Amino acid sequence: MPPGARRLARFSVPGLLVLAALIAAAATLAVVVVRGNPVPSRAQQVQAIAAGLHCPICKDLSVADSPAPLAQQMRQEIAQQLRAGESPDHIRAGFVAAYGDSVLMSPPRQGLAGVAYYLPWLVLAAGVAAAATMLRRWLRAAPADQSEAGASQLSESQLRAVAKAVAQLRAEEPG
């Protein structure tokens, strides 16, 4: 028997199945990584960066969508900086330095913009907490209210009459 066959003979069938599954998973992951991250072209990079910037002239459009001459100059500037080897974050930072945070399509989550971003989540969390507290109190108070309501419906004389009737029934029972 060849040496490789002896090594395989030492493995059990479930062990070989696990090994085959791990190899298949690694191969699948390698294919996804290679195909899943294609390198974007320069035009796609320019489009992506320009889509994240507001046009300073027409505030409702991005630099990518704006037909304004300034937006066209900004797209050319982005392409030129990408050719020079600048990173997209560095390019965005340059436009923020020139035009302020308002040039960004999605403002940074700090300062007043951070309050505007996080406030709805805080209000939602407070509402859920308030609802949970009210529900807990309501569930705790419900059994006590029911027993008190049943007792308060009978007067003292009615309670004595019920007690007297119960005593008579017990006395009449054959024992």
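The structure we're discussing is the one just above.
I will try to describe carefully the structure that is included in this document.

What counts and what doesn't
Residues numbered from 1 in each chain as written. Predicted model: local features only at pLDDT ≥ 70, side-chain atom pairs only at ≥ 80, totals over all residues. Heavy atoms only, no water. Disulfide = S-S within 2.5 Å. Helix = DSSP H or I, 4+ residues; strand = E, 2+ residues; numbered from the N terminus. Buried < 20%, exposed > 50% of the residue type's maximum accessible area, 1.4 Å probe, protein only. Contact = heavy atoms within 4.5 Å. Phe/Tyr/Trp six-rings, centres within 6.5 Å; stacked < 30°, edge-to-face > 60°. Core = buried A, V, L, I, M, F, W, Y, C linked by side-chain atoms within 4.5 Å.

## Here's the deal with the state of the cysteines
All chains considered together, the criterion is met by zero disulfides. You can see C58 has no disulfide; the closest cysteine sulfur is in C55, sitting 3.3 Å from it.

## Let's talk about the environment of C58
Along the chain, C58 turns up in the loop between helix 3 (42-51) and helix 4 (69-83). Overall, C58 belongs to the buried group, its relative accessible area being 18%. Counting along the chain gives 13 residues from C58 to A71, while the straight-line C-alpha distance between them is 9.1 Å. Not counting chain neighbours up to four residues away, the residues in contact with C58 comprise S66 and A68.

## A look at the packing of aromatic side chains
Using the criterion set out here, one finds one aromatic pair in the structure. On the numbers, 6.5 Å between centres and 15° between planes, the contact of F95 with Y99 is stacked. One end of the pair, F95, and the other, Y99, are both in helix 5 (residues 88-99), four residues apart, so they sit about a helical turn from each other. For F95, a relative accessible area of 8% corresponds to the buried category. Judged by relative accessible area, Y99 falls into the partly exposed class, the value being 35%.

## A short note on the nonpolar core
Judged by nonpolar contacts, the single largest core of 18 residues is most densely connected at L53, I78 and F95. Counting only elements with at least two residues in this core, the list comes to helix 3, helix 4 and helix 5. Dropping the residues within four chain positions of it, L53 is found in contact with L61, S62, V63, I78, R92, F95, V103, L104 and M105.

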